[in-house]
Amino acid sequence: MNQLYQAMHRIYDAQNELSAATHLTSKLLKEYEKQRFPLGGDDEVMSSTLQQFSKVIDELSSCHAVLSTQLADAMMFPITQFKERDLKEILTLKEVFQIASNDHDAAINRYSRLSKKRENDKMKYELTEDVYTSRKKQHQTMMHYFCALNTLQYKKKIALLEPLLGYMQAQISFFKMGSENLNEQLEDFLTNIGTSVQNVRREMDSDVETMQQTIEDLEVASDPLYIPDPDPTKFPVNRNLTRKAGYLNARNKTGLVSSTWDRQFYFTQGGNLMSQARGDVAGGLAMDIDNSSVMAVDCEDRRYCFQITSFDGKKSSILQAESKKDHEEWICTINNISKQIYLSENPEETAARVNQSALEAVTPSPSFQQRHESLRPAGQSRPPAARTSSSGSLGSESTSLAALSLDSLVAPDTPIQFDIISPVCEDQPGQVKASGQGSRRTNPFGESGGGGTKSETEDSILHQLFIVRFLGSMEVRSDDSPDVVYETMRQILAARAIHNIFRMTESHLLVTCDCLKLIDPQTQVTRLTFPLPSVVLYATHQENKRLFGFVLRMSGGRSESNLSSICYIFESNNEGEKICDSVGLAKQIALHAELSRRTSDKQKEMERVKEKQQKELSKQKQIEKDLEEQSRLIAASSRPNQASNEGQFVVLSSSQSEESDLGEDGKKRESEA
């Protein structure tokens, strides 16, 4: 525009340089088609029109005299007005819009630093009013600025066409005597251009009026949106989103305990979370959120914070939303993307079906009906075809159907436990706690923690450690099918989705040949211990391999029998099958160890029996030997002795008399045998 203005100014200033100036003008008009304007969409007609003007001006380059007054009024005035008024207006609106944006950012930053614990109604009201005012000002300035940009496209055409039209009319009037150089075709062309300019002006006026009305309607409709935290009843949360964009505050660590918060524009693109700082041409990858986990967290006394953790657990990011609605929508959107719902043909409908199935999956309808019928008075009549409970008589058809229902897997009125209750705080049924083990630190690698005290798992040949997050547990009725684990997973995940429970307790799961242990990753204190013989069933989710669970059979519980079964559900870092394989390996090792122990005990028992038989045999031989000795002594004593006339007798010693007594006893036992 400056070059075109200078070219026309040369025509006005120097008549003697009119030929060179008109030649330069023709050259510039030819180069217009090479220009690329951001909002120019109909430049083909303009390019062809300007090309025609360029030819005519090139033919008139031999004229040397121009009436300066006509040139000043018809040529210089429109282009000067466009340059000095319209372009400066756009630059001024741009500066005003930049100032309004900076004021809005400052207000948002002050509002984001509003304390969550120390509520100050006056300060909150002032900050909210400040955000409302700055946001409204920014929005109004933005709309006027964009309106001026759109209007500029029409003014640009007018500013280009009117000076040329005035120039040609001045040339016609000046060269009246030389009208032979101007034919009727050129006059018709100029007439058409004049009509087009008037049409463009009318179209511009109509479009400006329409935009002004649109601005007024948008101001009225957008008034509630200026509030940073709108009323959730008027703006409900959409939990079926698979794409979302907006400004978030990102936490960046600058030291061990210090951190900063940067406000950036975040948007989802497929399975990626992208971020774009102000002034950047395009966004960059912030995190891969496929198979990731997200949960609400408390961070530095700020509201509406949530944490995203990658699928491998190596990367996490803490972000802060502006309102409660954005906070919940971001969490739901990332959850839907993590489940890869965005890959389906209609992601929003798929997400709606998943959420609807989650709403219907908390309590099975047969269980609800049975509990409702059980609360009826005894005298109230029931329909003949009433639903039979799962505890009905065996062999009937209704009982077999009930065995296939959900009630046969999960107790209908059992509560769901979402937090880990340590045995130190609460004694759970079946949790046998060794003396001195409750609050002792446990080394997950089996090394001795103190001098002279050995760990329980030190002698185990299997030590495998996994990072898991506890989702919940509930009592089940059966423990003989993996469907029990699948149904428990479905109910726990559905309950978490309905009650907006996103927080999970992270622990280290230690698998040994004796037990399974949940260990606090920070303090290394054992939270729960599951004896391996009590783990009767374990399985992973059929689709999401990160989810796994196991059923623990223990004494006591809510059932009438002495044994009860509780199913525990966990989420791992894509290691569900590995954990189940490790538990299976531990049970096999324990089984082989038990069989080896039984074989060893049986062999020892046989050795003891054999040794006892050897002792009996040696004792029998000793008895036989004693009997033979006694027999010889008896034979010797019964031999006729030649006694002397003086009455001498043969006197036996005391030992010989005892042997003779033993010999008699041996004879009696021998005769009895």
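Up top is the structure these notes are about.
Now for a look at the structure at hand.

Cut-offs used in this document
Residues numbered from 1 in each chain as written. Predicted model: local features only at pLDDT ≥ 70, side-chain atom pairs only at ≥ 80, totals over all residues. Heavy atoms only, no water. Axes fitted to C-alpha atoms, helices over the stretch in contact; angles between N-to-C directions. Helix = DSSP H or I, 4+ residues; strand = E, 2+ residues; numbered from the N terminus. Parallel < 35°, antiparallel > 145°, perpendicular 65-115°, else oblique. Left-handed = near helix turned anticlockwise from the far one by under 90°. Core = buried A, V, L, I, M, F, W, Y, C linked by side-chain atoms within 4.5 Å. Buried < 20%, exposed > 50% of the residue type's maximum accessible area, 1.4 Å probe, protein only. Pairing = 2+ DSSP bridges. Contact = heavy atoms within 4.5 Å. Expected span 1.5 Å × (residues − 1). 1 Å grid on protein atoms, 1.4 Å probe; cavity = no way out; pocket = protein on both sides within 12 Å on 5 of 7 lines; lining within 4 Å. Points joined across faces, edges and corners; volume = space filled by probe spheres on them. Nonpolar A, V, L, I, M, F, W, Y, C, P; charged D, E, K, R; others polar. Salt bridge = Lys/Arg side-chain N within 4 Å of Asp/Glu carboxyl O.

### A closer look at the packing of helix 5 (residues 121-174) against helix 6 (residues 184-221)
Moving on, step 1. Between helix 5 and helix 6, the shortest axis-to-axis distance is 10 Å and the interhelical angle comes to 165°. When the axis of helix 5 is compared with that of helix 6, the two are roughly antiparallel. By crossing handedness, the relation of helix 5 to helix 6 is classed as left-handed.

### Looking at the nonpolar core
Moving on, step 1. Within the largest apolar cluster, 29 residues are counted, with the highest numbers of intra-cluster contacts made by Met8, Ile11, Phe53, Met75, Leu164, Tyr167 and Met168.
Moving on, step 2. Sorting the residues of this core by element identifies helix 1 (2-13), helix 2 (18-30), helix 3 (43-59), helix 4 (68-112), helix 5 and helix 6 as the ones contributing at least two each.
Moving on, step 3. It is helix 5 that contributes the most residues to this core, six residues altogether.

### Regarding the sheet that holds strand 11 (residues 526-531)
Moving on, step 1. In spatial order, the strands read 11-10-9-8-14-13-12; together these seven strands make up an open sheet with antiparallel pairing. A strand with exactly one partner marks an edge of an open sheet, and here the two such strands are strand 11 and strand 12 (535-540). Recorded for the sheet is a direction-independent mean angle of 35° between the axes of neighbouring strands.
Moving on, step 2. Relative to strand 14 (residues 563-572), strand 13 (residues 547-555) is paired through nine bridges, and the arrangement is antiparallel. Looking at strand 14, one finds that Arg553 is bridged to Ser565.
Moving on, step 3. Relative to the sheet, helix 11 (residues 483-499) contacts strand 8 (464-476), strand 12, strand 13 and strand 14, its axis offset from that of strand 8 by approximately 85°.
Moving on, step 4. Running at roughly 155° to strand 12, helix 12 (residues 576-638) makes contact with strand 8, strand 9 (505-511), strand 10 (515-519), strand 12, strand 13 and strand 14 of the sheet.

### Describing helix 7 (residues 324-338)
Moving on, step 1. Here helix 7 contains 15 residues, and its C-alpha end-to-end distance of 21 Å stays within 8% of the 21 Å for a straight helix at 1.5 Å per residue.
Moving on, step 2. Counting buried positions over the 15 residues of helix 7 gives twelve, a clear majority of the element.
Moving on, step 3. For helix 7, the set of buried residues is His327, Glu328, Glu329, Trp330, Ile331, Cys332, Thr333, Ile334, Asn335, Asn336, Ile337 and Ser338.
Moving on, step 4. Count one or two residues on from helix 7 and you reach Gln340, which has phi positive near 60°.

### A word on the sheet that holds strand 3 (residues 272-276)
Moving on, step 1. Pairing in this open sheet of seven strands is antiparallel, and the strands run 4-3-2-1-7-6-5 from one edge to the other. Edge positions in the open sheet fall to strand 4 (284-288) and strand 5 (293-299), since each of these has one partner strand only. Taking the axes of each pair of neighbouring strands and ignoring which way they run, one obtains an average angle of 40° across the sheet.
Moving on, step 2. In terms of strand pairing, strand 1 (residues 245-253) meets strand 7 (residues 316-320) through two bridges, oriented antiparallel. In the strand pairing of strand 7, Asn249 is matched with Gln320.
Moving on, step 3. On top of the sheet, helix 7 reaches strand 1, strand 2 (259-269), strand 3, strand 5 and strand 6 (302-309); it is set at about 10° to strand 6, its chief contact.

### Some details on empty space enclosed by the protein
Moving on, step 1. A complete count under the given rule lists three cavities of 30 Å³ or more for this structure.
Moving on, step 2. In this model, the largest cavity occupies a volume close to 140 Å³.
Moving on, step 3. Around the largest cavity sit 13 residues that line it, and Ser112, Asn249, Gln320, Ala321 and Glu322 are the ones nearest its centre.
Moving on, step 4. Mapped by element, the contributors of at least two residues to the lining of the largest cavity are helix 4, strand 1 and strand 6.
Moving on, step 5. Here the residues of the lining of the largest cavity sort into seven nonpolar, three polar and three charged.

### Focus on the pairing of strand 1
Moving on, step 1. Bridge analysis of strand 1 against strand 2 gives nine bridges, and the strand direction is antiparallel. If you follow Asn249 over to strand 2, its bridge partner there is Arg263.
Moving on, step 2. Once strand 1 ends, the chain turns through five residues before running back antiparallel as strand 2.

### Comments concerning the pairing of strand 11
Moving on, step 1. The element strand 11 is extensively covered by neighbouring structure, given that five of its six residues are classed as buried.
Moving on, step 2. Examined bridge by bridge, strand 10 and strand 11 share five bridges and lie antiparallel to one another. Pairing of Cys515 across the sheet is with Pro531, part of strand 11.
Moving on, step 3. Where strand 10 folds back on strand 11, the antiparallel hairpin that results is connected by six residues, among which Gln524 adopts a positive phi of roughly 60°.

### Brief notes about the layout of surface pockets
Moving on, step 1. In this structure, the second largest pocket encloses a volume near 960 Å³.
Moving on, step 2. In terms of lining residues, the second largest pocket is bounded by 28 residues, among which His104, Arg135, Gln138, Tyr247 and Arg263 are the most central.
Moving on, step 3. Those elements giving two or more residues to the lining of the second largest pocket turn out to be helix 4, helix 5, strand 1 and helix 7.
Moving on, step 4. If you tally residues by element for the lining of the second largest pocket, the top one is helix 4, at five residues.

### Structural notes on the environment of Ser316
Moving on, step 1. Mapped onto the secondary structure, Ser316 falls in strand 7.
Moving on, step 2. Residues Ser316 and Ser293, spaced 23 residues apart in sequence, show a C-alpha to C-alpha distance of 9.4 Å.
Moving on, step 3. Once residues lying within four places of it in the same chain are set aside, the contact partners of Ser316 are Met287, Gln307, Ile308 and Thr309.

### Some points on the pattern of salt bridges
Moving on, step 1. Evaluation of the coordinates by the stated rule reveals 27 salt bridges.
Moving on, step 2. Arg263 is the partner of Glu322 in a salt bridge, and the nearest nitrogen-oxygen pair spans 3.8 Å. Here Arg263 lies in strand 2 and Glu322 lies in the loop between strand 7 and helix 7, a separation of 59 residues in the sequence.
Moving on, step 3. A salt bridge links Glu577 to Lys545, with the shortest nitrogen-to-oxygen separation between them at 3.6 Å. Taken together, the residues span a long stretch of sequence, with Glu577 in helix 12 and Lys545 in the loop between strand 12 and strand 13 at a distance of 32 residues.
Moving on, step 4. Classification of Glu577 by relative accessible area gives partly exposed; the value is 42%.

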